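Below, each chain spelled out in residue letters.
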Amino acid sequence: MQWAYVVIFVLLVLDCLLPVLPAETSVIAGGALAAGGQLRLPVVLFAAVTAVAAGDLLTHEAARRGGRRLFGRWTREGRPRRVLAKTTAALHRWGGAIVATGRFVPMGRTAVAVATGYARFPRRRFLPALLVGAVLWSCYMVALGYVGGRVFDQPFAAAGVGTVVSVAMTAVFAAWQIRAPQRVQDGTKRKDQR
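Residues numbered from 1 in each chain as written. Predicted model: local features only at pLDDT ≥ 70, side-chain atom pairs only at ≥ 80, totals over all residues. Heavy atoms only, no water.

### Looking at the nonpolar core
When a protein is soluble and globular, its nonpolar side chains tend to lie buried together.
Piece 1. Of all hydrophobic cores here, the largest spans 32 residues; its most connected members are Leu12, Val27, Leu39 and Val99.
Piece 2. Looking at this core, the elements with two or more residues in it are α1 (2-15), α2 (23-35), α3 (41-71), α4 (78-101) and α6 (123-151).
Piece 3. By residue number, the principal contributor to this core is α6, which donates 8 residues.
Piece 4. Look past the residues within four positions of Leu12 in its chain and what remains in contact with it is Ala23, Val27, Ala48, Ala51, Val52, Arg103, Arg109 and Trp137. (Core = buried A, V, L, I, M, F, W, Y, C linked by side-chain atoms within 4.5 Å. Buried < 20%, exposed > 50% of the residue type's maximum accessible area, 1.4 Å probe, protein only. Helix = DSSP H or I, 4+ residues; strand = E, 2+ residues; numbered from the N terminus. Contact = heavy atoms within 4.5 Å.)

### Description of the side chain of Thr110
Piece 1. Considering the arrangement of structural elements, one finds Thr110 in helix α5 (residues 108-118).
Piece 2. For Thr110, a relative accessible area of 17% puts it in the buried group.
Piece 3. Beyond its immediate stretch of four places on either side in the chain, Thr110 contacts Asp15, Cys16 and Pro19.

### Describing the packing of aromatic side chains
Piece 1. As enumerated under the stated definition, the model contains 0 aromatic pairs in all.
Piece 2. In this structure, Arg103 is placed above the aromatic ring of Trp137, and the distance from its NZ or CZ to the ring centre is 3.9 Å. (Phe/Tyr/Trp six-rings, centres within 6.5 Å; stacked < 30°, edge-to-face > 60°. Lys NZ or Arg CZ within 6 Å of the ring centre and 35° of its normal.)

### Describing α1
Piece 1. With 14 residues, α1 extends 21 Å between its outermost C-alpha atoms, agreeing within 8% with the 20 Å of an ideal straight helix rising 1.5 Å per residue.
Piece 2. All of the buried residues in α1 are Ala4, Tyr5, Ile8, Leu11, Leu12, Val13 and Asp15. (Expected span 1.5 Å × (residues − 1).)

### Things to note about α5
Piece 1. Among the 11 residues in α5, 8 count as buried, and that is most of the element.
Piece 2. Of all the positions in α5, only Gly108, Arg109, Thr110, Val112, Ala113, Thr116, Gly117 and Tyr118 are classed as buried.
Piece 3. Phi turns positive one or two residues past the end of α5, at Arg120, with a value near 55°.

### Focus: the environment of Ala47
Piece 1. Of note, Ala47 is situated in helix α3.
Piece 2. Residue Ala47 is classed as buried on the basis of its relative accessible area, which comes to 8%.
Piece 3. Residues Ala47 and Val10 lie 37 residues apart in sequence; the distance between their C-alpha atoms is 9.2 Å.

### A look at the pattern of salt bridges
Piece 1. Tallied over the entire structure, the rule returns 5 salt bridges.
Piece 2. Among the salt bridges present, the one from Glu61 reaches Arg65, with a minimum N-O distance of 3.3 Å. You can see Glu61 and its partner Arg65 sitting in helix α3, 4 residues apart, about one turn around the helix.
Piece 3. On the accessibility criterion, Arg65 (60% relative accessible area) is exposed. (Salt bridge = Lys/Arg side-chain N within 4 Å of Asp/Glu carboxyl O.)

### Things to note about the packing of α1 against α2
Piece 1. In contact at an axis separation of 8 Å, α1 and α2 are set at 150° when each is read in the N-to-C sense. When the axis of α1 is compared with that of α2, the two are roughly antiparallel. In terms of crossing hand, the pair formed by α1 and α2 is left-handed. Residue-level inspection shows Ile8, Leu11, Leu12 and Asp15 of α1 in contact with α2, the latter providing Ala23, Ser26, Val27 and Gly30.
Piece 2. For the contact of α1 with α2, a count of residues per class yields 5 nonpolar, 2 polar and 1 charged. (Axes fitted to C-alpha atoms, helices over the stretch in contact; angles between N-to-C directions. Parallel < 35°, antiparallel > 145°, perpendicular 65-115°, else oblique. Left-handed = near helix turned anticlockwise from the far one by under 90°. Nonpolar A, V, L, I, M, F, W, Y, C, P; charged D, E, K, R; others polar.)

See the structure below:
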């Protein structure tokens, strides 16, 4: 089963570049297998943390070095330029929090890594936040699999349930985020009516 650690690592590194890979499921499965004794929990966690950090850092650096060439023409005017300006302003204000929590949002890991690289977000702020996010996300995913592995006898059933729970929680968070501007707008209307 030693190859399982390598699979988890490789899928997570590549997941930042190709977000359609089943990297999340591999980490949850790793946690479930650790609960059953087939894998060692600290090694699964180490593989997940280092892979998330490596993948995000590689994507960040690629966007930092080639992003302006790749996206420069597209972001010169109109809406893309306004979006880039807002994103850059948000990064300078809440950058550490965005980097640390971006992993928990669907497609957020890739978007944050590319945006921070393109905006040349300072590495001294990026790296600590990246490590915090990698540790938190890895602990969360491995724990989902581990708890599922303790509840179910079959590691693949545990991985399936853990994946469903993760997707459901992500969907709830995404729906809450989508509704956030509406809640702010509704609050503003109520204040104006007073």
